[in-house]
Amino acid sequence: GYTGSSSNVMSHMAVGTSGATPEVGNTALSAAISGGRVGLDSSTVSGTIVTYSATFGPGVGTGSVVEAGIFNASSSGTMLCHTTFPVVNKAAGDSIAVTWVITVS
């Protein structure tokens, strides 16, 4: 499953600083920010749509954020997906929220 409490369920999100194009077979972010992985705030399923949300609070994931990934563990683990986006400069006192909406077929 995509949500719940088994060890295979996605439970964490991480951010990083590399704009390298994600590729099939990636198992980690290209340049994860140290301490930039947090537990998901929520994960919901509606039909074939899975939505994951996480908040990176003050002092967490600080830097020039350009990539994110969803994982099933607080470190290492399996990465479900990996994306890049235009830079979000997160200062130490900032919080950012990331929401993924994934269609499963």
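On a predicted model such as this, the values are computed, not experimentally measured, just so you know.

A. Molecular detail of the sheet that holds strand S7 (residues 96-103). Strand order in the open sheet made by the three strands is S3-S4-S7, with antiparallel pairing throughout. The two strands at the open ends of the sheet, each matched to only one other strand, are strand S3 (42-46) and S7. The average angle at which neighbouring strand axes cross in this sheet is 15°, direction not considered.

B. How the structure looks around the side chain of Asn-72. Its place among the elements puts Asn-72 in the loop between strand S5 (63-71) and strand S6 (79-90). Exposure remark for Asn-72: the relative accessible area of 15% places this residue in the buried category. Of note is the side chain of Asn-72, whose polar atom sits 2.6 Å from the backbone nitrogen of Thr-78.

C. Representation of unusual backbone geometry. Residue Ser-76 is not a glycine yet carries a positive backbone phi of 55°. By secondary structure assignment, the location of Ser-76 is in the loop between S5 and S6.

D. Region of interest: the sheet that holds strand S1 (residues 12-16). Taken together, the four strands give an open sheet; going across it, the order is S2-S1-S5-S6, and neighbouring strands pair in antiparallel fashion. The outermost strands of the open sheet, each flanked by one partner alone, are strand S2 (32-39) and S6. On average, each strand axis in the sheet is tilted by 25° relative to the strand beside it, whichever way the strands run. Judged from the four bridges that link them, S1 and S2 form a sheet pairing that is antiparallel. By the bridge assignment, His-12 is partnered in S2 with Gly-39.

Reading the values: rules and limits
- By convention here, each chain's residues receive numbers from 1 onward along its written sequence.
- Owing to the predicted nature of the model, reporting of local features is limited to residues with pLDDT of at least 70; listing and counting of side-chain atom pairs is limited to 80 or more, with chain, interface and lining totals taken over all residues.
- Water and hydrogen atoms were dropped before computing side-chain values, which therefore reflect all heavy atoms in the structure.
- Each pair of strands is called paired provided DSSP finds at least two bridges between the two strands.
- Each helix corresponds to a stretch of at least 4 residues labelled H or I by DSSP, and each strand to a stretch of at least 2 residues labelled E; elements are numbered beginning at the N terminus.
- Only the stretch in contact is used when a helix axis is fitted, and all axes are lines through C-alpha atoms; the angle between N-to-C directions ranges over 0 to 180 degrees.
- When a residue's accessible area, from a 1.4 Å probe over protein chains only, is under 20% of the maximum for its type it is buried; when over 50% it is exposed; and in between it is partly exposed.
- Here a polar contact means two N or O atoms within 3.5 Å. Within protein one must be a hydrogen donor candidate and the other an acceptor candidate, and residues neighboring in sequence count only if both atoms are side-chain atoms.

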